[in-house]
Amino acid sequence: MEFAMQPKTILVTGGAGFIGSNFVLQWLANETAGVVNLDKLTYAGNPANLAAVSSDPRYKFVQGDICDRELVAELLIRQRPRAIVHFAAETHVDRSIHGPDDFVRTNINGTFSLLEEARSYWTGLEGGEKDAFRFLHVSTDEVYGSLGTTDPAFSESTRYSPNSPYSASKAASDHLVRAYFHTYGLPVLTTNCSNNYGPFQFPEKLIPLVILHAITGKPIPVYGDGQNVRDWLFVADHCEAIRTVLARGRIGETYNIGGRNEVKNLDVVNTICAALDQLRPRDPVVPHSKLVKFVQDRPGHDRRYAMNTDKIESELGWRPQETFETGIRKTVEWYLDNDPWIQGVISGSYRQWMATQYSL
Ligand code: NAD
Ligand code: DAU
């Protein structure tokens, strides 16, 4: 292949985290272009997620902070990516309640730094390279706030109404991305997705936490009355949606992504417990649901999220492939089959977090 014909690389931020690593693996399995992964490796970043591609010549890892503008500028000049897919963020709502500083720093200031350097790089591009460039910002449904039981699902025109330091910081970053399109013409795309689950999710989040506690006979903490509703999407479906928006999304637009799959937290927990009753009948406590323990509610806990995904479905033809039943089964089996990965992430800092949040 001639040099000029080589597909150009993309720059991914936060590619060592849960969704980012699933995205990098899916990208390299399906696309010819390479990936440069810029990740600070916070507690949530784990190079082991990307062990399968570590020797792929199309994959390059750079440890660094998106707030480091010199590093970002140099990376852009050196790698000349045709797109930036921006995952890097602080993402755990409970941590944002205990300590919001890092959320403001990475999610707001970090996105700002990235936008500034992307703008400078893009301004210097010419012709086809300039036309093809995209900045895809990965965001969340939590920016829209909380729904009542009978409210219609969030659409792309729902008013922003964030309730936690995490969602407020993501909302701020979404607004900055929007402003860089309207003010400078930077070719941006924003995706707002619902709750993901699947392989490589750090076990501070509900689904992996329930699996780990259930198989080791530890109490399964359910906040409040367990009736809060989330829309769940298998992570590979989210990654497919991002690739679709990157390829065909309209510049300046936002796209909601979700599974049309609303489930109450207690039902999520009971589904996992029922799967484990079949797969692990000899665990310390069976049925596993005996471990459910209602604990103090999360402050400001959003009651319900639901996503209207008509736009991405009708405009871009994306639809999720997994149902909650198939996705949760795959997820439970993945955690059961990957004990070395689990042992690798249950480090000292993880234990410290569990003690702070749950007194466990
Ligand atoms: P994660 O917490 O698993 O991973 C975040 C990654 O970002 C880690 O690898 C971490 O090391 C890296 N990072 C953090 N701060 C950084 C910095 N300053 N510079 C460089 N790298 C940094 O997150 P996730 O769950 O994979 O979420 C990825 C993105 O998707 C986030 O922007 C999040 O808001 C969004 N999102 C997540 C969900 C979900 O359910 N997990 C749903 C919708 C949207
Ligand atoms: O909606 C998208 C968002 O989903 C993403 O933007 C966030 O980055 C991601 O962390 C996730 O946020 P949630 O707060 O919804 O996810 P979490 O797994 O922390 O909690 C899911 C639900 O389960 C929520 O209602 C709180 C509840 N929960 C959570 C934990 C950790 C419990 O009942 N017990 C728990 O121990």
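The preceding data block contains the structure.
Peer 1: I tried to follow the overall build of the chain on my own but got confused; where do I start?
Peer 2: Tallying secondary structure elements over the chain gives 13 helices and twelve strands in all. For 360 residues, the compact-globule formula gives about 21 Å, and the C-alpha radius of gyration of the chain, at 20 Å, lands near that figure. Taken along its principal axes, the extent of the C-alpha atoms in the chain is 65 × 45 × 40 Å. Going through the 360 residues of the chain one by one, you find that 54% of them count as buried. Put simply, the chain shows about 15400 Å² of open surface, and 50% of that area lies on carbon and sulfur atoms.

Peer 1: What's the story with the site of ligand 2 in this structure? I'm lost.
Peer 2: The immediate surroundings of ligand 2 are formed by 23 residues, with Asp141, Tyr166, Arg298, His301 and Tyr358 found nearest. Residue His301 places a side-chain N or O atom 2.7 Å away from an oxygen atom belonging to ligand 2. Starting from 690 Å² of accessible surface for ligand 2 in isolation, the protein chains cover 95%. The dominant element in the shell around ligand 2, judged by the number of residues it contributes, is strand β8 (residues 220–223), at three residues.

Peer 1: Please clarify how unusual backbone geometry should be interpreted in this entry.
Peer 2: When glycine is set aside, most residues are seen to have a negative phi, and most peptide bonds are trans. In this structure, the amide linkage connecting Val286 to the following residue, Pro287, adopts the cis form with an omega of 0 degrees. Along the chain, the position of Pro287 falls in the loop between α9 (265–279) and β12 (292–295). Positive phi, close to 45 degrees, is recorded for Arg80, a residue that is not glycine. Within the secondary structure layout, Arg80 lies in the loop between α2 (69–79) and β4 (83–86). Judged by its relative accessible area of 36%, Arg80 is partly exposed.

Peer 1: Would you mind going over the environment of Thr158 with me for this structure?
Peer 2: Mapped onto the secondary structure, Thr158 falls in the loop between β5 (134–140) and α6 (165–184). In this structure, the C-alpha to C-alpha distance between Thr158 and Lys60, residues 98 residues apart in sequence, is 38 Å.

Peer 1: Help me understand the sheet that holds strand β11 (residues 262–264) in this model?
Peer 2: Pairing between the strands of a sheet comes from backbone hydrogen bonds, and it takes one of two forms, parallel or antiparallel. The sheet built from three strands is open, its strands ordered β7-β9-β11 with mixed pairing. The open sheet is flanked by β7 (195–197) and β11, the only strands paired with a single partner. If you compare each strand with its neighbour and ignore which way they point, the axes differ by 50 degrees on average. Pairing of strand β9 (residues 229–234) with β11 involves three bridges; the strand directions are antiparallel.

Peer 1: Would you mind showing me how to read the sheet that holds β5 here?
Peer 2: Strand order across the open sheet formed by seven strands is β3-β2-β1-β4-β5-β6-β10, with parallel pairing between neighbours. Each edge of the open sheet carries a strand with a single partner, namely β3 (59–63) and β10 (254–257). Along the sheet, successive strands turn relative to each other by an average axial angle of 20 degrees, direction set aside. Strand direction decides the pairing type here: β4 and β5, joined by four bridges, are parallel. Note on β5: the bridge partner recorded for Ile84 is Phe135. Sheet contacts for helix α8 (residues 235–248): β4, β5, β6 (188–193) and β10; angle to β5, the most-contacted strand, approximately 145 degrees.

Peer 1: Would you take a moment to explain the site of ligand 1 for this structure?
Peer 2: Near ligand 1 lie 28 residues; those nearest to it are Ile19, Asp39, Thr91, Tyr166 and Lys170. With respect to ligand 1, the backbone of Leu41 contributes an N or O atom lying 3.4 Å from an oxygen atom. Take Thr91: an N or O atom from its side chain is 2.7 Å from an oxygen atom of ligand 1. For the shell around ligand 1, the secondary structure elements donating two or more residues are α1 (18–30), β5, α6 and β7. Among the elements that take part in the shell around ligand 1, β5 stands out by supplying three residues, more than any other. Residues of the shell around ligand 1, tallied by class, amount to twelve nonpolar, twelve polar and four charged.

Parameters at a glance
- Residues numbered from 1 in each chain as written.
- Chains lettered and ligands numbered in written order.
- Predicted model: local features only at pLDDT ≥ 70, side-chain atom pairs only at ≥ 80, totals over all residues.
- Heavy atoms only, no water.
- Helix = DSSP H or I, 4+ residues; strand = E, 2+ residues; numbered from the N terminus.
- Rg over C-alpha atoms; globule rule 2.2 N^0.38 Å.
- Buried < 20%, exposed > 50% of the residue type's maximum accessible area, 1.4 Å probe, protein only.
- Areas by Shrake-Rupley, 256 points an atom, 1.4 Å probe, with all protein chains shown as cover.
- Near = heavy atom within 4 Å.
- Polar contact = N/O pair within 3.5 Å; in protein donor to acceptor, adjacent residues only side chain to side chain.
- Pairing = 2+ DSSP bridges.
- Axes fitted to C-alpha atoms, helices over the stretch in contact; angles between N-to-C directions.
- Contact = heavy atoms within 4.5 Å.
- Nonpolar A, V, L, I, M, F, W, Y, C, P; charged D, E, K, R; others polar.

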